[in-house]
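Now for the letters of each chain:
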Amino acid sequence: RKETWRNTYKFYAKEIGEASSQRMDLELSLRRAIDNKELVLHYQPVIDLGSHEIIGAEALVRWNHPEFGLLMPDKFIPIADETGFIIEIGKWVLYEACKQAKAWQEIGHESIFIAVNISAIELDQSQLINHVAGVLHTTELNPNRLELEITESVLMQDAEASIRTLHELKQMGVRIAVDDFGTGYSSLSYLRRFPIDIIKIDRSFAKDMGSDSDNSAIVTAIIALAKSLDLTVEAGGVETQAQLDFLHKAGCHHAQGYLFSHPVTADKLFALIEQRKTG
Ligand code: C2E
């Protein structure tokens, strides 16, 4: 018995050791990732449920790691958050995404918008406003074609400060979306104090949607309330036709999910935009 315990301990100690040394490797190489051009953006289309066309895209960062291959954000965004390196990554993402949106607009898709995730640390920085203004100026992207996505829980961390920052961003003409809506504990009427334009219903609610479930009732209620407050509603995580039919019936404006497309490269997204327009 003792031996089993000892072996188990050794096993976990090895696992933890490996995990923390991999983490240190990642932390060190993350600092060089931008300069080495290892970060890439993939884009996931946002569909208008009225026209069925692609009206925008969300920029999602990936890391082409020389040793570990293509890393998804859950493998490095938490490390970037803890080390503060998220600020540099966020700056790079915003610039690249706006530049890409401007390029799509220039080749004939003027109304395409781009959505970019903003982390808690970025929202907290006084430089955020200047940086957004600078990127819009350099890329010449119309501010109302940029959507900044901030999670409900991040907004609530320091509600008064968030409200002030969001007002400044709104004054520039940028649109604000509340991401992962429904996962925090705030009500929509409370969120009304924030100058927001869009709410993105968290993808966890997509599960069982359309059947006689709690999730269906919650999604219907969020859509009705959002509409009565004149907000645009977007549903994430749409994977099946049944979920789409349900959202359509409930009057949801926009949707995103694997049913339409996984996040793809900029070139692939462009092909999808063209395809949905003509098809
Ligand atoms: P998010 O903002 O909620 O992004 C949506 C995530 O859901 C993406 O994962 C996307 O691939 C996934 N997804 C989309 N449709 C479906 C679907 O139908 N089913 C399922 N199961 N999943 C779907 P991804 O790319 O791994 O990103 C994860 C998270 O990493 C993002 O969640 C966001 O919080 C964060 N993230 C990604 N890029 C950035 C960035 O540039 N900056 C910051 N601060 N965070 C980022």
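Above: the structure in question.
Presented here is a report on the structure given in the accompanying data block. Here the structure is a predicted model, which means the values were calculated and not measured. (Residues numbered from 1 in each chain as written. Predicted model: local features only at pLDDT ≥ 70, side-chain atom pairs only at ≥ 80, totals over all residues. Heavy atoms only, no water.)

1. Some remarks on helix α7 (residues 159-172)
- For α7, with 14 residues, the first-to-last C-alpha span of 20 Å sits near the 20 Å given by 1.5 Å per residue.
- Buried residues of α7: Ala159, Ala161, Ser162, Ile163, Thr165, Leu166 and Leu169, and no others.
- On the buried face of α7, the contacting elements are α4 (120-123), α5 (127-139), β5 (146-151), α6 (152-157), β6 (175-181) and α8 (188-191).
- Where α7 ends, the next residue or the one after it, Gly173, has phi of about 105°, a positive value. (Helix = DSSP H or I, 4+ residues; strand = E, 2+ residues; numbered from the N terminus. Expected span 1.5 Å × (residues − 1). Buried < 20%, exposed > 50% of the residue type's maximum accessible area, 1.4 Å probe, protein only. Contact = heavy atoms within 4.5 Å.)

2. Examining the packing of aromatic side chains
- On inspection of all chains with the given rule, the structure shows 3 aromatic pairs.
- Consider the rings of Tyr43 and Trp104, whose centres lie 5.0 Å apart with planes at 80°: the pair is edge-to-face. Highlighted residues: Tyr43 in strand β1 (residues 39-48) and Trp104 in helix α3 (residues 86-106), separated in sequence by 61 residues.
- A residue is classified by how much of its surface remains accessible, and Tyr43, at 3% relative accessible area, is buried.
- Taking 5.6 Å as the distance between ring centres and 80° as the angle between the ring planes, the aromatic pair formed by Trp63 and Phe76 counts as edge-to-face. Pair noted here: Trp63 is in strand β2 (residues 54-65) and Phe76 is in helix α2 (residues 73-83), with a separation of 13 residues, a long-range link. This pair shows no difference in class: Trp63 is buried, exactly as Phe76 is.
- Over the face of the ring belonging to Phe113 we find Arg175, whose NZ or CZ atom lies 4.8 Å from the ring centre. (Phe/Tyr/Trp six-rings, centres within 6.5 Å; stacked < 30°, edge-to-face > 60°. Lys NZ or Arg CZ within 6 Å of the ring centre and 35° of its normal.)

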